[in-house]
Amino acid sequence: MIVTNVNHVPGRKILEHYGIVQGSTVRAKHVGRDIMASFKNLVGGELKGYTELLQEAREEATQRMTTQARQLGANAVINVRFATSSVAQGAAELFAYGTAVLVE
Amino acid sequence: MEFIVNHLDLSLFAVLVTVGYAAGTFAERRHYASILSRERAQRQFQVMNAEAYFAEGRVKNSFMVSGSAVISIDYFKRLLAILRNIFGGRVKAYESLVDRARREAILRMKEEALTRGADMVVNLRLETAAIGNAANRRGRIGSVEVLAYGTAVTLNKT
């Protein structure tokens, strides 16, 4: 599965469009990480726990998106965009969407 | 000594501000040093935020790369920002925060592209999000997440 965020696949010709595919996941951190983060909030610097969490979540969202694309018979997803929104206190939604296509 | 005991909340506040200032300044300086040296090392690697069109047969492979960083502000700077809110104007404390997060995210994306053998990254996009956590309860941004993503391209060597 090829995933790009340009509106074509470099070096390949698009044969067919299948429309929008999307994947999303809502994640929350466990309390331990939250407490650690609030300590880190005092001294500043990178919150590694959150970086990892969001990275994992984003991978999952991308995976769900590509699964959906595969079900449509596509072999690539182009023009992928990411979006983040905090749904509730301490929880974040990560969202990926793109256009499923068939390339040569 | 008696003062500290009598004004426990006030002394705690002073300690938090001092610790925040010292640790925050140290962390920021170290982070900027690491950002600068890594940026210098990767200067040859091309990243652009335009869509690139290649001649036929030039591109071997393409895939998506991303990098992200969550950076939090320290107690002292948060205080500064709250004061700034009263008078208005440039909130320098937050400027350096988002700048660091953004550059760090781009660097991580470049690192991923380099380890996967890419020759360049096209169509870079940056996404910023305030993380909802305890520090954000009163609508104040305590930490910021920046995501950088783009399409990495490997070229056929001519």
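Up top you'll find the structure we're talking about.
Residues numbered from 1 in each chain as written. Chains lettered and ligands numbered in written order. Predicted model: local features only at pLDDT ≥ 70, side-chain atom pairs only at ≥ 80, totals over all residues. Heavy atoms only, no water.

Draft legend 1. Region of interest: the sheet that holds strand 4 (residues 76-88) of chain A. Residues and elements named next belong to chain A. On the basis of which strands lie adjacent, the open sheet formed by 4 strands has the order 1-4-5-2 and mixed pairing. With one partner strand each, in any of the chains shown, strand 1 (2-3) and strand 2 (14-28) form the two edges of the open sheet. The strands touched by helix 2 (residues 48-71) are strand 1, strand 2, strand 4 and strand 5 (91-103); relative to strand 2, the strand with the most contacts, the crossing angle is about 145 degrees. (Pairing = 2+ DSSP bridges. Helix = DSSP H or I, 4+ residues; strand = E, 2+ residues; numbered from the N terminus. Contact = heavy atoms within 4.5 Å. Axes fitted to C-alpha atoms, helices over the stretch in contact; angles between N-to-C directions.)

Draft legend 2. Focus on the pairing of strand 4 (residues 143-155) of chain B. Residues and elements named next belong to chain B. Of all the 13 residues making up strand 4, 13 are buried; the element is thus mostly covered by neighbouring parts of the structure. In this sheet, strand 4 lies alongside strand 2 (residues 59-74) in antiparallel orientation, the contact comprising 13 bridges. Residue I71 lies in a different strand from strand 4, and its bridge partner there is V144. Where strand 3 (residues 120-130) and strand 4 come together, 9 bridges link them in antiparallel fashion. Counted as the bridge partner of T128 is V146 from strand 4. (Buried < 20%, exposed > 50% of the residue type's maximum accessible area, 1.4 Å probe, protein only.)

Draft legend 3. Quick look at the environment of Y18 of chain A. Residue and element names in this part refer to chain A. Mapped onto the elements, Y18 comes out in strand 2. For Y18, a relative accessible area of 27% puts it in the partly exposed group. Dropping the residues within four chain positions of it, Y18 is found in contact with L72, G73, A74, A100, V101 and L102.

Draft legend 4. Examining the environment of A105 of chain B more closely. Residue and element names in this part refer to chain B. With respect to the helices and strands, the residue A105 is situated in helix 4 (residues 92-115). It is 8.7 Å that separates the C-alpha atoms of A105 and Y149, two residues lying 44 residues apart in sequence. Here A105 is in contact with G67, S68, A69, V146 and A148, once residues within four sequence places are set aside.

Draft legend 5. Expanded view of the pairing of strand 2 of chain B. In terms of burial, strand 2 of chain B is a largely internal element, 14 of the 16 residues being buried. Pairing geometry for strand 3 (residues 44-46) of chain A and strand 2 of chain B, over 2 bridges, is antiparallel. Residue E46 of chain A lies in a different strand from strand 2 of chain B, and its bridge partner there is I71 of chain B.

Draft legend 6. Fine view of a nonpolar patch on the surface. The grouping of V31, I35, M36 and F39 of chain A at the surface amounts to a nonpolar patch, some 450 Å² of accessible area in total. Structurally, M36 of chain A is set in helix 1 (residues 31-43). (Patch = residues over 30% accessible without salt bridge, like charges linked within 9 Å, V, L, I, M, F, W, Y side chains within 5 Å. Areas by Shrake-Rupley, 256 points an atom, 1.4 Å probe, with all protein chains shown as cover. Salt bridge = Lys/Arg side-chain N within 4 Å of Asp/Glu carboxyl O.)

Draft legend 7. Here's a closer look at the interface of chain B and chain A. At the junction of the two partners, chain B supplies 44 residues and chain A supplies 31 residues. Together chain B and chain A conceal approximately 3,000 Å² of surface at their shared face, both sides included; 52% is due to carbon and sulfur atoms. If you sort the residues of chain B by the area they bury against chain A, M64, V70 and S72 of chain B come out on top, with a joint share of 18%. Viewed at the interface, chain A and chain B are joined by 2 salt bridges. Our count for the chain B to chain A interface comes out at 12 residue pairs in polar contact (both at pLDDT 80 or more). Sorting the residues of the side of chain B that touches chain A by element identifies helix 2 (8-41), strand 2, helix 3 (75-87), helix 4, strand 3 and strand 4 of chain B as the ones contributing at least two each. The biggest single contributor to the side of chain B that touches chain A is strand 2 of chain B, with 12 residues. Tallied by class, residues from the side of chain B that touches chain A come to 23 nonpolar, 13 polar and 8 charged. (Buried area = accessible area lost by both parts, 1.4 Å probe. Polar contact = N/O pair within 3.5 Å; in protein donor to acceptor, adjacent residues only side chain to side chain. Nonpolar A, V, L, I, M, F, W, Y, C, P; charged D, E, K, R; others polar.)

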